[in-house]
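Summary of structural features
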Amino acid sequence: MHSKLEVLQSPYRYVLAPVIDYILKVEADTKYHKICVLVPELVVRHWWENLLHNRRADLLKVMLLLRGNRRIIVINIPWYLDPK
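This one's a predicted model, so the numbers in the text were calculated from it and none came from an experiment.

Position of arginine 71 relative to the elements: it lies in the loop between helix 2 (56–67) and strand 2 (72–80). Judged by its relative accessible area of 18%, arginine 71 falls in the buried class. In this structure the side chain of arginine 71 is engaged in a polar contact, spanning 2.8 Å, whose partner is the side chain of glutamate 27. Within the structure, the side chain of arginine 71 is placed 2.8 Å from the backbone oxygen of histidine 33, a separation counted as a polar contact. Setting aside its immediate chain neighbours within four residues, arginine 71 contacts Glu27, Thr30, Lys31, Tyr32, His33, Lys34 and Ile35.

Bringing the packing of helix 1 (residues 16–29) against helix 2 into the picture now. For the pair helix 1 and helix 2, interaxial distance at closest approach is 11 Å and the crossing angle is 35°. In this structure, helix 1 meets helix 2 at a crossing whose hand is right-handed. For the pair helix 1 and helix 2, the contacting residues are Leu16, Val19, Ile20, Asp21, Ile23 and Leu24 in the first and Arg56, Leu59, Leu60, Met63, Leu64 and Arg67 in the second. Taken together, the residues of the contact of helix 1 with helix 2 sort by class into nine nonpolar, no polar and three charged.

Moving on, we come to a nonpolar patch on the surface. Taken together, the side chains of Leu38, Ile73, Ile75 and Ile77 make up a nonpolar region of the molecular surface, amounting to roughly 310 Å² of accessible area. Per-element tally for the nonpolar patch: the top contributor is strand 2, with three residues. Structurally, isoleucine 73 is set in strand 2. A relative accessible area of 30% means that isoleucine 73 is categorised as partly exposed.

With that settled, the discussion passes to helix 1. Between the first and last C-alpha of helix 1 there are 20 Å, a value that for 14 residues agrees with the 20 Å anticipated at 1.5 Å per step. Those residues of helix 1 that are buried are in contact with strand 1 (35–43), helix 2 and strand 2.

Here we take up the pairing of strand 2. The pairing of strand 1 with strand 2 spans nine bridges and is parallel. Its bridge partner being in strand 2, glutamate 41 is matched across the sheet by proline 78. With helix 2 bridging strand 1 and its parallel neighbour strand 2, the resulting β-α-β unit is right-handed.

Cut-off values and rules
- One numbering rule holds for all chains: residues counted from 1, following each sequence as written.
- In view of the model being predicted, local features appear only for residues whose pLDDT reaches at least 70, and side-chain atom pairs are presented and counted only at 80 or more, with totals across whole chains, interfaces and linings using the full set of residues.
- Here the side-chain values reflect all heavy atoms present in the structure, with hydrogen atoms and water set aside.
- The helix count covers DSSP runs of H or I at least four residues long, the strand count covers runs of E at least two residues long, and both are numbered beginning at the N terminus.
- Relative accessibility thresholds used throughout: buried, under 20% of the residue-type maximum; exposed, over 50%; partly exposed, between the two (1.4 Å probe, protein chains only).
- Polar contacts, as used here, are pairs of N or O atoms within 3.5 Å; protein pairs need one atom able to donate a hydrogen and one able to accept it. Residues neighboring in sequence count only if both atoms are side-chain atoms.
- Residue contacts follow a heavy-atom distance rule, with two residues in contact if any of their heavy atoms lie within 4.5 Å.
- Each axis is a line fitted through C-alpha atoms, taken for helices only over the stretch in contact, and angles between the N-to-C directions span 0 to 180 degrees.
- Handedness of a helix crossing follows the sense of rotation of the near helix relative to the far helix, less than a right angle counterclockwise being left-handed and clockwise being right-handed.
- Polar here means any residue outside two lists: the nonpolar Ala, Val, Leu, Ile, Met, Phe, Trp, Tyr, Cys and Pro, and the charged Asp, Glu, Lys and Arg; Gly therefore counts as polar.
- What goes into a patch is any residue over 30% in relative accessible area without a salt bridge, connected to like charges within 9 Å or, for nonpolar side chains (Val, Leu, Ile, Met, Phe, Trp, Tyr), within 5 Å.
- Only the protein chains shown count as cover for residues, and the accessible areas themselves come from Shrake-Rupley with a 1.4 Å probe.
- Any carboxyl oxygen of Asp or Glu that lies within 4 Å of a side-chain nitrogen of Lys or Arg is treated as forming a salt bridge with it.
- Expected helix span is given by 1.5 Å per residue-to-residue step, counting one fewer step than there are residues.
- Two strands qualify as a pair provided that DSSP identifies no fewer than 2 bridges between them.
- Handedness rule for crossovers: strands pointing away from the viewer, path from the first strand over the helix to the second running clockwise, crossover right-handed.

So yeah, pure geometry; function would need other evidence.
Pasting the structure below:
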């Protein structure tokens with residue numbers, strides 16, 4: 001199976017619903033494959049900086065855990081706000 005970049009259109013910056021719908025559609029269409037979802041996770045220098053940024057990555061992981069099944073694998077990729 002070959003992978004390709006899919007561009008999902010979403011009005012008004014709605015990110016989570018189109019991504020989750022797409023992942024669940026791919027999961028339903030493939031019966032024997034695992035689906036790996038790479039999620040960039042923001043790593044900040046100070047704990048209070050977490051309050052300044054949204055938590056969409058956490059929401060995406062929780063929603064996939066609740067609505068998906070064991071064939072959906074979520075992989076966290078650290079994304080550093082400040083270069084070290």
